[in-house]
Amino acid sequence: MISLSVDAINFAYLISVVLFTIGLKMMSSPKSARKGNLWSAVGMLIAIAATLFEKQIIEYHYIILALVVGSAIGLYLAKTVKMTGMPQMVAALNGFGGGASAIVALAEFLRTTAVPSLDVSTTLVLSILVGMVTFTGSFIAFSKLQGLMRSAPMVFRFQQAINVMLLLLTLGIGAVFVYSPMSNMAFTELIVIFAISSALGILFVIPIGGADMPSVIALLNAFSGVAAAMTGFVLSNNVLIVSGALVGASGVILTDIMCKAMNRSVWNVLFGKVGLEIDMGAKGEQKQVVHYTPQDAVAMLDRASSVIIIPGYGLAVAQAQHILHEMTKLLEKKGIKVRYAIHPVAGRMPGHMNVLLAEANAPYEQLCEMEQINDDFSETDIAFIVGANDVVNPAARYKKDSVLYGMPILNADQAKTIMVLKRSLKPGFAGEDNEIFYNPKTMMVFGCKRHADENSFTAKGVPLDHWQA
Amino acid sequence: MIGEFLVLLYIFVLGIFVGIEVIGRVPPLLHTPLMSGSNAISGITIVGSLISAGAGYSTLSSVLGFIAIVFAMINVVGGYMVTDRMLEMFKRKEDKK
């Protein structure tokens, strides 16, 4: 096969990098985002195609087989995953990316004949460390989100001490490797680093509860970028370095947004063990809530002129987003202004609730961010809270001893009437009782406890046929 | 002439700044597709795995390269396809119907 010069290949990489950047930039609007993604994919295609003409590549049978197998698996996953399962999907993809980077770094060590310089051997160790932590950590996150293992934090004694010791051990062995990368033991050292990093990834994610998975996935996303960039240093490959930097930046920004939305530091998410089972039984006085029937709710909605819907993950669990959108269409037909208020942590990953509602055909102009809509609640007739809890808990504003304290919330309590559709009075992930349920303006409409059945929304309290009649 | 590593480091640092600038403008509405899409970009590591798998140095390095290509390709194809699937759903009112 003909081969291209190093310069020609690197020029192709430059085009790829430009296309990646333009693609990400086009993500800034839903109008251009789909095209942007396509440009980014074209950039990837160019990078792969150019690399196939690299003169070092002398045999193609492994490559072709691997490309076919990987594409088939990727295609299958992308076509079959449900929108509710998107966090698991992204976690798994992060894992594969990080794993690939670590393996490439290891293979490069075997292949290269030159003595690795200080920077190459250092980044090689870092690539394996970050890549394998991403790989195994992502699969633990995947298992927790997929329900393959319990999502509650798994904690044991000296957990953090063990993690720190393993990390130091890895860095120590790494230092030995960097000191004499051509010694007889060098490959063995890398294998040991590979193994300990894999264990670290597992140990690092198991103590983190299901509610914190959005931040963890964003962080692992950043890791997968860093791993790619480190591998780029090992290979002196610019396209890997720039792409890794872009992805790393994206992951860090998203982690930061998720942490801010929960008013937690990254440190607290990673080591705070929030989500342990809390004993709610002995919380003192029984407060009264006012129960309403679905018919009451319908009558109330009929008289409203503006409604803001606050969806939470409970909505997605019940797969009720489609029927909810049917409801909004009926309300709009009656001339009632309907919008959705989306809290940054609604759903199981950044932006997840928007995807779920888009799938149910809700037009994106109706999907409002918290800052955009929070001042409008006071002029709204009904705040319609469905399957959400912590994100509307007023305790976040003033109750200093609450885990929620300081978290930005939606001002649902400022609406003229608050309607809460819930399965039970159970507290949200934070384990904090929600006083909004006891507000005199609040209408509680309880539904049935079973979820994920076809008619769950009807069961949850709003009989659609009532409107259609 | 500055060392090669330093040049690479410059590229890395500037890349991070570009990333922060570009990604900071993506609205929360699109954060999930942004994650899956940027995820696909991190599959760029496939470029390295192609050389490992095809250089014919040793069976072990070819096998490692093979595994790395499979992983990276799942990342690339899965990431771009699923992002496209999501973005297709984001429509305005008049586009719906």
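The rules behind the values
Residues numbered from 1 in each chain as written. Chains lettered and ligands numbered in written order. Predicted model: local features only at pLDDT ≥ 70, side-chain atom pairs only at ≥ 80, totals over all residues. Helix = DSSP H or I, 4+ residues; strand = E, 2+ residues; numbered from the N terminus. Rg over C-alpha atoms; globule rule 2.2 N^0.38 Å. Buried ≥ 20, exposed ≤ 12 C-beta atoms within 10 Å, placed from the backbone. Contact = placed C-beta atoms within 7 Å. Axes fitted to C-alpha atoms, helices over the stretch in contact; angles between N-to-C directions. Parallel < 35°, antiparallel > 145°, perpendicular 65-115°, else oblique. Left-handed = near helix turned anticlockwise from the far one by under 90°. Nonpolar A, V, L, I, M, F, W, Y, C, P; charged D, E, K, R; others polar. Core = buried A, V, L, I, M, F, W, Y, C linked by C-beta atoms within 7 Å. Pairing = 2+ DSSP bridges. Domains from an automatic or database assignment. pLDDT = per-residue confidence, 0-100.

Considerations on the overall build of chain B
Inference 1: Per the secondary structure count, chain B includes four helices and zero strands.
Inference 2: For chain B, the α and β elements follow one another from N to C terminus as α-α-α-α.
Inference 3: Here chain B has a C-alpha radius of gyration of 18 Å; the compact-globule value for 97 residues is 13 Å, and the former is much larger.
Inference 4: Classification of the 97 residues of chain B by burial places 63% in the buried group.
Inference 5: Summarising the internal contacts of chain B: among those between residues at least 6 apart in sequence, 60% fall at separations of at least 24.

Side note on the packing of helix H2 (residues 33-52) of chain A against helix H4 (residues 59-89) of chain B
Inference 1: Relative to each other, H2 of chain A and H4 of chain B sit at 165°, their axes nearing to 9 Å. Classified by the interaxial angle, the pair formed by H2 of chain A and H4 of chain B is roughly antiparallel. Note that H2 of chain A runs across H4 of chain B; the crossing there is left-handed. Contacts between H2 of chain A and H4 of chain B involve Ala33, Arg34, Asn37, Ala41 and Met44 of chain A from the first element and Val76, Tyr80, Thr83, Asp84, Leu87 and Glu88 of chain B from the second.
Inference 2: Considered class by class, the residues forming the contact of H2 of chain A with H4 of chain B number six nonpolar, two polar and three charged.

Regarding the interface of chain A and chain B
Inference 1: Contacts between the two partners involve 95 residues from chain A and, on the opposite side, 80 residues from chain B.
Inference 2: In terms of residue count, helix H4 (residues 86-111) of chain A provides more of the side of chain A that touches chain B than any other element does, 17 residues in total.
Inference 3: Partitioned by chemical class, the residues of the side of chain A that touches chain B number 56 nonpolar, 28 polar and 11 charged.

Thoughts on the nonpolar core
Side chains of nonpolar character tend, in soluble globular proteins, to be buried together.
Inference 1: The biggest cluster of nonpolar side chains holds 188 residues, and the ones touching the most others in it are Ile310, Ala383, Ile385 and Met419 of chain A together with Ile69 of chain B.
Inference 2: Ranked by residues supplied to this core, first place goes to H4 of chain B with 18 residues.
Inference 3: Apart from the residues lying within four places of it in its own chain, the contact partners of methionine 419 of chain A are Ala297, Met300, Ile382, Ala383, Phe384, Ile385, Met443 and Val445 of chain A.

Here we look at the environment of leucine 200 of chain A
Residue and element names in this part refer to chain A.
Inference 1: In this fold, leucine 200 is placed in helix H7 (residues 186-205).
Inference 2: Along the backbone, leucine 200 and threonine 170 are 30 residues apart, and their C-alpha atoms lie at a distance of 9.6 Å.
Inference 3: With residues near it in sequence (within four places) discarded, leucine 200 still touches Val133, Asn163, Leu166 and Leu167.

Quick notes on the pairing of strand S6 (residues 442-446) of chain A
Residue and element names in this part refer to chain A.
Inference 1: Burial within S6 is extensive, with four of its five residues counted as buried.
Inference 2: Relative to S6, strand S5 (residues 417-422) runs parallel, the two sharing five bridges. Bridge assignment links valine 420 to a residue of S6, and that residue is methionine 444.

Describing the sheet that holds S5 of chain A
Residues and elements named next belong to chain A.
Inference 1: Read from one edge of the open sheet, six strands run S3-S2-S1-S4-S5-S6, paired in parallel fashion. If you trace the sheet from one side to the other, it starts and ends with strand S3 (367-369) and S6, each paired once. Across the sheet, the axes of successive neighbouring strands diverge by a mean angle of 25°, strand direction being ignored.
Inference 2: Bridge count for strand S1 (residues 306-311) against strand S2 (residues 337-342) is four bridges, and the pairing is parallel. In the sheet register, isoleucine 308 faces S2, and the bridge partner there is arginine 339.

Considerations on the domain arrangement of chain A
Residue and element names in this part refer to chain A.
Inference 1: According to the domain assignment, chain A consists of domain 1 (1-80), domain 2 (86-271) and domain 3 (294-468).
Inference 2: Taking the mean C-alpha position of each, domain 1 and domain 2 sit 23 Å from one another.
Inference 3: Each side of the interface is counted separately: domain 1 has nine residues, and domain 2 has six residues.
Inference 4: Looking at the side of domain 1 that touches domain 2, the element that brings in the most residues is helix H1 (residues 6-26), giving seven residues.

Notes on the confidence of the model for chain B
All names here are of chain B.
Inference 1: The pLDDT averaged across chain B works out to 90; a share of 95% of its residues lies at or above 70.
Inference 2: Within chain B, the element-level pLDDT minimum falls on helix H3 (residues 46-54), averaging 90, and the maximum on H4, averaging 95.
Inference 3: Predicted complex metrics record ipTM = 0.94 and pTM = 0.87.

Re unusual backbone geometry
Residue and element names in this part refer to chain A.
Inference 1: With a phi angle near 50°, serine 236 is a residue other than glycine that sits in the positive phi range.
Inference 2: Looking at the secondary structure, you find serine 236 in the loop between helix H8 (213-235) and helix H9 (238-261).
Inference 3: When the 14 C-beta atoms within 10 Å are taken as the criterion, serine 236 is described as partly exposed.
Inference 4: Its identity as a non-glycine residue notwithstanding, asparagine 361 has a phi of 80°, on the positive side.
Inference 5: On the secondary structure map, asparagine 361 appears in the loop between helix H14 (352-359) and S3.

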